[in-house]
Amino acid sequence: MQKSYIKFILILIIASAMHFSCKREFEKPRWNTQVLAPLVKSKLTIRDIIADSSIVSDQNNAIVLVNRQQIFEYSIDSLVALNAPPYKKTVKLSSLVLDDQEITQRISLGTIAKQLIAQGNPLGAQIILAGKLGIPLAFPGANDITAGPINVDISKFFVSANLLTGQMIVSVNNGLPLTINNLTFSLNNITPPGLITTQTFTNIVPGATQSKTQDLAGKSIGGNINANIDDMDIGSGVIVVDTSDALLLTLKVQNISVTEATAIFPAQDVVNETTDVELTGLDNVRLTSTIIRQGTVRADVYSTADDTVRFTYEIPAATNENGIFKFDAVVPPAPVNGTSYAQFNSDFSGYLLDLTGQDGTKYNTFYNTLVGRINYTGKLVTLSLNDSLDITLTLLDAKPSYVKGYLGQDTISVGPGSADFGAFKNVSASSLQFESAKMDIVFENGLGIPAKAVVNELTAYNSMTGESVALSGTPINKEYPIEPAFESGGRVIPVLSHIDLSTGSNVASLLNILPDKITYKGLFDSNPKVSLPPYDTTYNDFAYAGTDMKAYLDIEIPLTLIASNLVLTDTSDFDINTLQTGGFQDGKFNLLVSNGFPMDVKIVMRFLDKNGLQIDSLITTSAILAATIDNATGKVIEPKASAVPFTLSAAQANTLIQNGAKLVFTARFDTKPANQKITIYDNYAIEYKLVGDIGILVNSGK
Amino acid sequence: MKKISSLILAFLCIGSVFAQVEFDRPEAFLFERKNLLRTRIDSLNSEGDTVSTKGKQFSVDQKTDYTGYFSVYGSAFVNSNSITNAFIKAYSYTYSYIDDNLKQQQVDRFKSSNRIGSDSKAGLYGQYKVGNIRIEAGLNYRNFNSAQFSADAFKLVFYGNSMYAGQTASLTPLNMYNLNNQSLYVGVKKNIGKKENMTLGARVAFIRGGRLQKINSKNLSLYTASDGSYLTLNGKFNIAYTDDSTYATIPPMHGAGMSTDLFYSVRDDRNELTVELLDLGFIRWNDVVTYSGDGSYTYSGIAIDNIFTTGSLTINPVNLSTILENMGINKEVKDMTYMLPATLNIAYYRHLNPKLSLSGGVRQQFVAGYVPRVYAKAAYYIKKDFVIVPTLAYGGFGRADVELGISKSFADHIILSTHLQWFEYLAAPAKTSGQGMSLAFSYYF
């Protein structure tokens, strides 16, 4: 009995356990459901449809397409190039001067007495004895007394000098107690030997001084000279002999300029030149001033001078808040029989350069000053008027930030050029009539130059359809003035000038073909009224860097139009992940559209694979109806709701998921009512929503 | 065969003791609540205690005195007042395709408020006597699921909302509480009173939270526009769940908590009254994804950029999260504390004669949808070490249930028991609800 119970229980347990171990059909339980839900929604406004343009609203909120393209530019760098020829100057030392020098040589009575003794003249011994005794001596007088040579050392002032100019003043002061009836003395150069001067003085009473001047021009003097008394006659008298009494011989050299000297030179300017420099390559441009935006002045200097030459280069015509343009440079001394070289660069930017020359009557011209100077060093150096500075001054890469003057006359061909017009990208139409359109060329002139412009050609192209329409009418080949800009307080005030291409022309028909490109051709003349000489003498033209003359092609199209079969096409990437997950089986879809545009719409969606081949399509069989407009105001009063049904099987979905790569979306619009222009307002939109009634296999494993 | 043995092994080896409903186990009738009555004795030969009733007298065996006790237990039960066993099998066991017939089978049985619940447990339990108290400890694994739903809610899930075009689907009531946790507990039990006929017990459990899924709602409904252009959700609701990328039997830890169990019983030789309060506690969940709402929320499609500006048309998967967020119901991730689904058991036992003991009780689980479950058991002792316990019950997540408990002891130390709820499923799976079983191996010394 018990065993029967146990067997029964075991059977129950096993049967129960087997229930748990039933074979599973899937990873998870599955079932089908039908889900009705909105999937995605979006909204399309005119701002989404029209690309590459600005859309603005007028005061009534109506849409106006605005497009601006720059078609021309004229800048200061187009007008003027600041090219100055290199300023080359070889400057010889224009002068070399030496300081005035004075040397005093004392010839005592004792010295004279010794000279007499040496000559065998007994008077010498008498003078000596009388001097010792200190007793009065009746001096009978003496004639033909000679003395020398007496060395005079002036080597501390110069070793040698070839004088260009100069004077020697020889002064004799009679310190002897007797009248010198006659004195003839000479000065001789030792190296090279040669007479410098010989002078005769007569009747020099005791205590008196007589001077004679000798011109030294053309003479060469060494550092040592000999003074000789060639003949001296002394008068008679009773004297108390003092052998220390003396003749005082004073030699003074003055106003010395040399052609060459080895000397201690005083500080002096050796070069000082002012010259004009004229800018080149300006054709008929006549500048009176310019502000340098960038530029460098470079000096290349070669020197043969044995001494350091300091030179200063100035452009007095170039000024900034710190003063005139100036730079100082030091040229090292040249080696013996050689040449030294140095290069100097100085930033020239920021300077206002007066280009009227030294006298203020010129143009394109500035003057500069070169001053070369040697300093006093206290050292002996050798300089010659044959020594020179070879200077080349170059204005490098100069560009103006401002120019003023007469900026010349220039005639420039504009184009042929083209401007892309993307407002109607992806748009075409069988028939399109804009109520109006406006096309201008606007010159924004930031240059102080009057000009004129002529439009020779302007053509609109639609590269998709091949259509083109050329502008015709009044604006073609007509001269339009372009007013110059103003300047005030260092600021430029640009002036706008308009070329109205709309009035008296067929501009609306250009835009009706929905162009994607506009070509143009024309002429631009600067300073057109002032052509050949005598040119404009007011020199009031100006230009600033960074403020140019630009020309823009402006197009304004109010979106008031009649359209028939206006087609909007776009191709986009395509990805519908949502159908790949979630066990999509099949589905009925509705594209719910709320059309806020007063245009019927038909939609075609073509699905392409990666090779561009169509794999499926969705076509609305009936139009999505236009919104209702109020005839009085022309505005939409109520959007129109429509539903576009389509179905998608699992196979189709799978094809789209696996192979779908691109979606070509095409919408065709027809304005309603037909033949009545409608205005597009900023708040118009198409709202669409994709609703799916989808069969889903839950836990499909996908 | 491999699957059967592994399944049995799983039940025997996983987890912690189901001793939390210890008096509900068949082995209790061979252990703590063993019928100790013996046949009427000759009054001249009586030894020990005796009891008499209605003129009959029985002797009472000595109660088994044991020092220690060890048990391994596993159970899984599912019940519903409407969902059939056939559906449960297809959905939970065989993962079958649920066809329209099977769906309609459920719809035909729906009430205004429908409920379904399942509770799977496994564990280890041990008890040891120290002095005059018994110390117990154990490990527990639990996977609890409960749901209260309307007919429309079932139809929305299994049929879809297309049938509700232009109509409102009532989602009231809609509540769900799914919980997966593991716990480690300790407790004490002591006999008290002059006659030591009362027992008090208490446990404290430390809980590791694995997975949480919770929905509460009030007056919830879903309207589907007739053209499908929008869906409107009305009402008050809270959705909370721990976010796991994959489903795991033992999920990563997402929270921690504590609970307590309280036990009281009073008895004499023939009668016993027990009261038990289980899982009184909470779990503090970390990084819980929540959606809350109180009002009206409309979903009208996911807005996308138009192809003219982006150059592409991409429709990404539309799922519950994207729909809720599109409705303006924003996701929040935050820490949340939720109470556990506590259980109150009250039971009465009476040993009628040496062969038969009766038991009756009521069980209430404090979770939405659960109705008080009343039951009656008759423990028939085929032998003193072999008892079968047929049970009739009504309520809980289901309706009427027929169950059978079987327990056999071996060598005075081992008890094997099982509790079966297969009869309705075996008899008429398409017309009945409720199934499950438990297995236990116990050893005492």
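All of these numbers come straight from a predicted model, not from anything done at the bench.

## A few points about the overall build of chain A
In step 1: Helix and strand content of chain A: seven helices and 49 strands.
In step 2: Within chain A, the fraction of its 702 residues that count as buried is 49%.
In step 3: Considering only contacts in chain A between residues 6 or more positions apart, those separated by 24 or more positions represent 85%.
In step 4: Carbon and sulfur atoms make up 50% of the accessible area of chain A, which amounts to about 31900 Å² in all.

## Here we look at the pattern of salt bridges
In step 1: Overall, the coordinates contain 21 salt bridges over all chains when judged by the stated rule.
In step 2: For Asp397(A), the salt bridge identified is with Lys399(A), shortest N-O distance 3.7 Å.
In step 3: Salt-bridge contacts for Lys334(B) lead to Glu332(B); the nearest nitrogen and oxygen are separated by 4.0 Å.
In step 4: By relative accessible area, Glu332(B) is classed as partly exposed at 42%.

## Details of the environment of Thr547(A)
In step 1: Within the secondary structure layout, Thr547(A) lies in the loop between strand S37 (541-544) and strand S38 (549-558).
In step 2: Distance in space between the C-alpha atoms of Thr547(A) and Tyr74(A) is 9.4 Å, their sequence separation being 473 residues.

## Examining helix H2 (residues 85-93) of chain B
In step 1: Buried within H2(B) we find Asn85(B), Ala86(B), Phe87(B), Ile88(B), Ala90(B) and Tyr93(B).
In step 2: Note on H2(B): the residue one or two positions beyond its end, Tyr95(B), has a positive phi of about 50°.

## Focus on the sheet that holds strand S28 (residues 431-434) of chain A
Residue and element names in this part refer to chain A.
In step 1: As summarised here, the arrangement of the three strands in space is S28-S39-S48, forming an open sheet in which the pairing is antiparallel. Each edge of the open sheet is held by one strand with a lone partner, namely S28 and strand S48 (678-679).
In step 2: Note that strand S39 (residues 560-564) and S48 share two bridges and pair antiparallel. Directly across from Leu561, in S48, lies its bridge partner Ile678.

## Structural notes on helix H3 (residues 100-107) of chain B
In step 1: Taken together, the buried positions of H3(B) are Leu102(B), Lys103(B), Gln106(B) and Val107(B). Along the long axis of H3(B), the arc covered by the buried residues comes to 145°, so they all point the same way.
In step 2: Looking at the buried positions of H3(B), the neighbouring elements they touch are strand S1 (31-45) of chain A together with H2 and helix H4 (151-158) of chain B.
In step 3: Structurally, the start of H3(B) carries an N-cap: the backbone nitrogen of Asn101(B) is 3.3 Å from a side-chain oxygen of Asp99(B).

## Considerations on the side chain of Ser183(B)
In step 1: Counting through the fold element by element, Ser183(B) comes out in strand S8 (residues 175-192).
In step 2: Sequence-distant contacts of Ser183(B), defined by excluding residues within four places in its chain, comprise Gly138(B), Leu139(B), Asn140(B), Ala205(B), Phe206(B) and Ile207(B).

## Topic: the sheet that holds S1(A)
In step 1: A sheet is described by the order of its strands in space; here five strands give the open sequence S46(A)-S41(A)-S49(A)-S1(A)-S13(B), paired in mixed fashion. Of all the strands in the sheet, just strand S46 (640-648) of chain A together with strand S13 (302-303) of chain B have a single pairing partner and so form its edges.
In step 2: With eleven bridges connecting them, strand S41 (residues 584-595) of chain A and strand S49 (residues 685-698) of chain A associate as antiparallel partners. Its bridge partner lying in S49(A), Val593(A) is registered against Tyr688(A).
In step 3: Helix H7 (residues 650-659) of chain A contacts S41 and S46 of chain A of the sheet and is inclined by roughly 95° relative to S46(A).

## Structural notes on the pairing of S28(A)
Every regular strand shows the same layout, with side chains that alternate between the two sheet faces.
Residue and element names in this part refer to chain A.
In step 1: On S28, burial follows the alternation: Leu432 and Phe434 on one face are buried, whereas Ser431 and Gln433 on the facing-out side are not.
In step 2: Taken together, the four bridges between S28 and S39 define a ladder with antiparallel strand orientation. Looking at S39, one finds that Leu432 is bridged to Ala563.

## Here we look at the nonpolar core
In step 1: Of all hydrophobic cores here, the largest spans 175 residues; its most connected members are Phe311(A), Tyr313(A), Phe348(A), Met439(A), Phe443(A), Leu458(A) and Ile680(A).
In step 2: Considering each element in turn, this core owes the most residues, eight residues, to strand S16 (residues 246-264) of chain A.
In step 3: Ignoring any residue separated from it by four or fewer positions in sequence, one finds Leu458(A) in contact with Met439(A), Val469(A), Ala470(A), Leu471(A), Leu501(A), Leu510(A), Ile518(A), Thr519(A), Tyr520(A) and Leu553(A).
In step 4: Counting residues in each nonpolar core, the second largest holds 39 residues, with Ile83(B), Val107(B), Phe158(B) and Ile329(B) among its members.

## A short note on unusual backbone geometry
In step 1: Of note, the bond from Thr172(B) into Pro173(B) is cis; its omega dihedral lies within 30 degrees of zero at 0°.
In step 2: Here Pro173(B) is to be found in the loop between strand S7 (168-170) and S8.
In step 3: For Asp397(A), which is not glycine, the phi torsion reads 50° and is therefore positive.
In step 4: Mapped onto the elements, Asp397(A) comes out in strand S25 (residues 388-406).
In step 5: Residue Asn477(A) is not a glycine yet carries a positive backbone phi of 60°.
In step 6: Structurally, Asn477(A) can be placed in the loop between strand S31 (467-470) and strand S32 (479-482).

## So, the packing of H2(B) against H3(B)
All names here are of chain B.
In step 1: With their axes 10 Å apart at the nearest point, H2 and H3 run at an angle of 135° to one another. By the angle class used here, H2 and H3 are oblique. Helix-helix and strand crossings are classified by hand; for H2 and H3 the assignment is left-handed. Counted together, Ala86, Phe87 and Ala90 of H2 and Leu102, Gln105 and Gln106 of H3 form the full contact between these two elements.
In step 2: Broken down by class, the residue content of the contact of H2 with H3 amounts to four nonpolar, two polar and no charged.

## Let's talk about the packing of H3(B) against H4(B)
Residues and elements named next belong to chain B.
In step 1: Between H3 and H4, whose axes approach to 11 Å, the crossing angle comes to 170°. In terms of orientation, H3 lies roughly antiparallel with respect to H4. Between H3 and H4, the residues in contact are Lys103, Gln106 and Val107 and Phe154, Lys155 and Phe158, respectively.
In step 2: Its residues placed into classes, the contact of H3 with H4 shows three nonpolar, one polar and two charged.

## Quick notes on the packing of aromatic side chains
In step 1: Scanning the model with the defined rule gives 35 aromatic pairs over all chains in all.
In step 2: When the ring of Tyr302(A) is compared with that of Tyr341(A), the centres are 4.8 Å apart and the planes differ by 40°; the resulting orientation is tilted. Of this pair, Tyr302(A) sits in strand S18 (residues 286-303) while Tyr341(A) sits in strand S21 (residues 340-347); the two residues are 39 residues apart in sequence, bridging distant segments of the chain.
In step 3: Classification of Tyr341(A) as partly exposed rests on a relative accessible area of 40%.
In step 4: Each ring, one from Trp422(B) and one from Tyr425(B), has its centre 6.1 Å from the other, and the planes form 65°; the classification is edge-to-face.
In step 5: Residue class for Trp422(B) comes out buried when judged on its relative accessible area of 2%.
In step 6: Judged by relative accessible area, which is 11%, Tyr425(B) ranks as buried.
In step 7: Among the aromatic side chains, those forming a connected cluster through ring pairs are Trp31(A), Phe87(B), Tyr91(B), Phe110(B), Phe149(B), Phe154(B) and Phe158(B).
In step 8: It is Lys212(A) that lies over the ring of Phe201(A); its NZ or CZ is 5.7 Å from the centre.

## A closer look at the side chain of Asp609(A)
Residue and element names in this part refer to chain A.
In step 1: Structurally, Asp609 can be placed in the loop between strand S42 (599-608) and strand S43 (614-619).
In step 2: Take Asp609: its relative accessible area is 14%, and that puts it in the buried class.
In step 3: In contact with Asp609, not counting residues within four places along its chain, are Ile615, Asn659 and Ala661.

## Thoughts on the confidence of the model for chain A
In step 1: Considering every residue of chain A, the mean pLDDT works out to 81; 89% of them sit at 70 or more.
In step 2: No element of chain A has a lower mean pLDDT than helix H1 (residues 2-20) of chain A, at 58, and none a higher one than S31(A), at 93.

## Section: the environment of Glu444(A)
In step 1: Mapped onto the fold, Glu444(A) is located in strand S29 (residues 438-445).
In step 2: Apart from residues no more than four positions distant in its own chain, Glu444(A) is found in contact with Pro494(A), Val495(A), Leu496(A), Asp548(A), Met549(A), Lys550(A) and Tyr552(A).

## Brief notes about the confidence of the model for chain B
Residues and elements named next belong to chain B.
In step 1: In this model, chain B carries a mean pLDDT of 86, and residues with pLDDT of at least 70 account for 88%.
In step 2: Below a pLDDT of 50 lies the segment residues 1-23, which in the model reaches 78 contacts outside its immediate sequence neighbourhood of four places, other chains included.
In step 3: The low-confidence segment residues 42-46 (pLDDT under 50) makes one contact with residues lying over four places distant or belonging to another chain.
In step 4: Interface predicted TM-score (ipTM) for the complex: 0.83; the corresponding pTM is 0.63.

Calculation rules
- Residues numbered from 1 in each chain as written.
- Chains lettered and ligands numbered in written order.
- Predicted model: local features only at pLDDT ≥ 70, side-chain atom pairs only at ≥ 80, totals over all residues.
- Heavy atoms only, no water.
- Helix = DSSP H or I, 4+ residues; strand = E, 2+ residues; numbered from the N terminus.
- Buried < 20%, exposed > 50% of the residue type's maximum accessible area, 1.4 Å probe, protein only.
- Contact = heavy atoms within 4.5 Å.
- Areas by Shrake-Rupley, 256 points an atom, 1.4 Å probe, with all protein chains shown as cover.
- Salt bridge = Lys/Arg side-chain N within 4 Å of Asp/Glu carboxyl O.
- Pairing = 2+ DSSP bridges.
- Arc of directions from axis to C-beta.
- Polar contact = N/O pair within 3.5 Å; in protein donor to acceptor, adjacent residues only side chain to side chain.
- Axes fitted to C-alpha atoms, helices over the stretch in contact; angles between N-to-C directions.
- Core = buried A, V, L, I, M, F, W, Y, C linked by side-chain atoms within 4.5 Å.
- Parallel < 35°, antiparallel > 145°, perpendicular 65-115°, else oblique.
- Left-handed = near helix turned anticlockwise from the far one by under 90°.
- Nonpolar A, V, L, I, M, F, W, Y, C, P; charged D, E, K, R; others polar.
- Phe/Tyr/Trp six-rings, centres within 6.5 Å; stacked < 30°, edge-to-face > 60°.
- Lys NZ or Arg CZ within 6 Å of the ring centre and 35° of its normal.
- pLDDT = per-residue confidence, 0-100.

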